[in-house]
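Overview (structure and organization)
Now for the letters of each chain:
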Amino acid sequence: MTERILINEVGLRDGLQNQPSILSTDQKLALFHTLRAAGIRDFEATSFVSPKHVPQLADAAEFLRLLPQDRSLRYTCLIPNERGYERALAAGATGIAVVLSATEGLNQKNIGMSLVQATEVCERVVRRAKDEGLFARAYIAAAFACPFEGLTPPRVLFELLDRMRTAGADELAIADTIGAANPRQVKDVFQEAINRYDDSHVAAHFHDTRGLGTALAWTAAEAGVRRFDSSIAGLGGCPFAPGASGNVATEDLVFMFNDVGFETGIDFNALLAAVGTAATMLQAARGGHIVPWARSRPQAAE
Ligand code: COA
Ligand code: ZN
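Before going into details, it helps to say that this report is about the structure given with it. Along each chain, residues carry numbers from 1 onward, in the same order as the chain's sequence is written. Following the order in which they are written, the chains are lettered starting with A and the ligands numbered starting with 1. Residue-level local features of this predicted model are given only where pLDDT is at least 70; pairs of side-chain atoms are given and counted only at 80 or more, and the full residue set underlies all totals for whole chains, interfaces and linings. Side-chain numbers come from the whole structure's heavy atoms, not from hydrogens or water.

1. So, the pattern of salt bridges
Pairing is possible between side chains that carry opposite charge, provided their charged atoms lie close to one another. Short version of the rule: In what follows, salt bridge is the name for a side-chain nitrogen of Lys or Arg lying within 4 Å of a carboxyl oxygen of Asp or Glu. In this description a helix means any DSSP run of H or I spanning at least four residues, a strand means any run of E spanning at least two, and both kinds are numbered starting from the N terminus. Relative accessibility thresholds used throughout: buried, under 20% of the residue-type maximum; exposed, over 50%; partly exposed, between the two (1.4 Å probe, protein chains only).
Taken as a whole and assessed by the stated rule, the structure comprises 18 salt bridges. Ionic pairing is found between R226 and E3, a salt bridge with its closest N-O pair at 3.1 Å. Linking R226 in the loop between helix 9 (213-222) and strand 10 (227-230) with E3 in the segment before strand 1 (6-9), this pair joins segments that are 223 residues apart in sequence. Residue classification places R226 among the buried positions, given a relative accessible area of 14%. For E3, a relative accessible area of 30% gives the class partly exposed.

So this is what it looks like as C-alpha cells:
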C-alpha cells in the first residue's frame, strides 16, 4: 500500500526570514515556480509580521497576490497578532498559521507578548479564521526546548495544543524551533499527539541544527505523522531564537520518503533544480545532506 506524505514547503517564509540578503518579489516568485514545478502543492508563503523586525518579508501582501490561484495549492501565512491577521485577510489569504511558543521567554522575544497573552491572541485569531472560512494552522514553537528556558515539559506542550485544537485549528504544527530534540522525545510526543488529535491534524516541523533532521522526521513518520514542514536547500532559522539554524531540507525529506516507498508527489530531480535556484539567489544556501551525492551521479539533473 502506498501512503501519502504531505510536504509543506516553508522555505519562502522560515527559509527567507533569516537570510542576510533580501530577495525581490520577482525572485521569490521564480523560486516558487521551481518548487511548484517539482510537484510541491503546500506552501507557507510569507508572514504578516512587522517589516521592521523582518524586512525580508516586507512584501507579504504583494507576493501573496501574485501567487497562482489554484485549488490544488495550499498557501498559509504566518500571523503573529490580530494586526497581522487583518493584513493577511486584506491581501486575500486563504490560510493562516498562528505562532505560539511554549515558553514565556520565546513569546516575549518573538512577538512581544507573555505566554498567557499569546495563547489568547492565537485562540482569537484561529477562531476568527475558522469563522471566516480560512484554513488555520497553529504552531507550537519551542515544543521540545527553548533557547531561554531549556527543556519544554510535554505537559505544557499538550495544554497549548489542546487549546489550539479546541479553538478550531485544522493543523497543529509541533515545532522543534532550535533543532534541539532527540528521536526518543520525538517518538513520545508524536505518538501522544497522533493518539489525541489523529494524523490528519498533526504536522512536524524540524530544524537540522545538529544534523538530526531526517532522523527526527523518520521517527515521527514511524509514530504515524504524515505531514512535514521542510525548506528547500535547508534554508531557515528564526532571528529571534538564538541557535536556530536551517530547517530540515526539503530535498532530504523527499529523497528519504520517496526511497522508502511513500508517495510525496514530488520529483526529486526537479527539486534539485530548485536547490540550484535557491543557491544562486542566496549564497548562504547550504543545501541538504543529499545534495553532494545527488549531484555526483552521472544522471544528475544539472
Ligand atoms: N504587521 C505589521 N506591523 C505590525 C504588526 C503586524 N502584524 N504588528 C505590529 N506592527 C507594528 C506596530 O504598528 C508598530 O509600528 P510602529 O513602530 O511604526 O509604531 C510596531 O510594529 C511595533 O508594534 P508593537 O505592538 O509595539 O509590538 P512589538 O514591537 O512587540 O512587535 C510584532 C510585535 C509581532 C509586530 C513583532 O514582534 C514581530 O514582527 N515579530 C516577528 C516575529 C517573527 O516573524 N518571528 C519569526 C517567525 S516565528
Ligand atoms: Zn522553523
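2. Some remarks on unusual backbone geometry
Of note, the phi angle at A142 is positive, near 55 degrees, even though the residue is not glycine. Of note, A142 is situated in the loop between strand 5 (135-141) and strand 6 (145-146). In the Ramachandran plot, A233 falls in the positive-phi region, its phi being about 65 degrees despite a non-glycine side chain. Judged by relative accessible area, which is 1%, A233 ranks as buried.

3. Let's talk about the sheet that holds strand 10
Quick note on the threshold: Paired strands are those between which DSSP finds at least two bridges. The axes are straight lines fitted to the C-alpha atoms, using for helices just the contacting stretch, and the angles between their N-to-C directions are given from 0 to 180°. Contacts are residue-level and defined by heavy atoms, with any inter-residue pair within 4.5 Å sufficient.
Pairing in this closed barrel of eight strands is parallel, and the strands run 1-2-3-4-5-8-9-10 around the ring. Shown here is a sheet whose adjacent strand axes are inclined to one another by a mean of 25 degrees, direction ignored. Both strand 4 (residues 95-101) and strand 5 contribute to a ladder of seven bridges, which runs parallel. Within strand 5, the residue paired with L100 across the bridge is I140. Here helix 6 (residues 115-131) sits on the sheet in contact with strand 3 (74-79), strand 4 and strand 5, set at roughly 165 degrees to strand 4. Strands strand 8 (171-176) and strand 9 (202-206) of the sheet are contacted by helix 8 (residues 183-197), whose axis makes an angle of about 155 degrees with strand 9.

4. Considering the packing of aromatic side chains
Applicable threshold: Paired rings are identified among Phe, Tyr and Trp, the last through its six-membered ring, by centres lying within 6.5 Å, and are further divided according to the angle between planes into stacked (under 30 degrees), edge-to-face (over 60) and tilted (the rest).
Under the criterion given, the structure shown has eleven aromatic pairs. Note on W218 and F262: the rings are 6.3 Å apart at their centroids and 70 degrees apart in plane angle, and the pair reads as edge-to-face. Placement of the pair is W218 in helix 9 and F262 in the loop between helix 10 (250-260) and helix 11 (268-281), with a sequence separation of 44 residues. Take W218: its relative accessible area is 29%, and that puts it in the partly exposed class.

5. Description of the site of ligand 1
This is how it is decided: We call a residue near a molecule or strand as soon as one heavy atom of that residue lies within 4 Å of the molecule or strand. Here a polar contact is taken to be a pair of N or O atoms separated by no more than 3.5 Å, where protein atoms must pair a possible hydrogen donor with a possible acceptor and residues adjacent in sequence count only if both atoms sit in side chains. All accessible-area figures derive from a Shrake-Rupley calculation using a 1.4 Å probe, and residue coverage is judged against the displayed protein chains alone. Ten residue types, Ala, Val, Leu, Ile, Met, Phe, Trp, Tyr, Cys and Pro, are classed as nonpolar, four, Asp, Glu, Lys and Arg, as charged, and the remainder, Gly among them, as polar.
Near ligand 1 lie 20 residues; those nearest to it are S50, N81, R83, R87 and N110. Within the contact set of ligand 1, a nitrogen atom lies 3.0 Å away from a backbone nitrogen or oxygen of F48. Here ligand 1, which alone exposes 920 Å², has 67% of that area covered by the protein. Taken together, the elements giving at least two residues each to the shell around ligand 1 come down to helix 4 (82-90) and helix 5 (104-111). A total of three residues in the shell around ligand 1 trace back to one element, the largest contributor, which is helix 4. Of the residues belonging to the shell around ligand 1, the class tally is nine nonpolar, seven polar and four charged.

6. Examining the environment of L64
Its location among the elements puts L64 in helix 3 (residues 60-66). L64 gets classed as buried once you look at its relative accessible area, which sits at 6%. Those residues within four positions of L64 in sequence are excluded, and the remaining contacts are A45, F48, Q69, C77, A91, G92 and A93.

7. Focus on the pairing of strand 9
For clarity, the cut-off: A crossover counts as right-handed when, viewed with the strands pointing away from the observer, the path leading from the first strand over the helix to the second turns clockwise.
The buried count for strand 9 comes to five of five residues, which makes it a mostly enclosed element. Alternating positions in strand 9 separate into two faces, V202, A204 and F206 on one and A203 and H205 on the other, with burial throughout. Regarding the hand of the β-α-β motif, the stretch spanning strand 8, helix 8 and strand 9 is right-handed. Pairing analysis gives two bridges linking strand 9 to strand 10, with the strands arranged parallel. The residue of strand 10 that forms the bridge with A204 is F228. Once you follow strand 9 into helix 9 and on to strand 10, the crossover reads as right-handed.

8. As for the nonpolar core
The line we're drawing: Grouping buried Ala, Val, Leu, Ile, Met, Phe, Trp, Tyr and Cys residues that are joined through side-chain atoms within 4.5 Å yields what is termed a nonpolar core.
By size, the foremost hydrophobic cluster in this structure holds 114 residues, and its most contacted members are I96, M164, I174, F190, F206, F228 and F257. Those residues in contact with F228, other than ones at most four positions away along the chain, are I5, L6, I7, N8, A204, F206, A217, A220, A221, L253 and F257.

9. Let's talk about the environment of A167
Mapping A167 onto the fold places it in helix 7 (residues 154-167). Each C-alpha atom of the pair A167 and G246 lies 30 Å from the other, and the pair is 79 residues apart in sequence. When near neighbours in sequence (up to four residues on either side) are disregarded, A167 contacts E123, V126 and R127.

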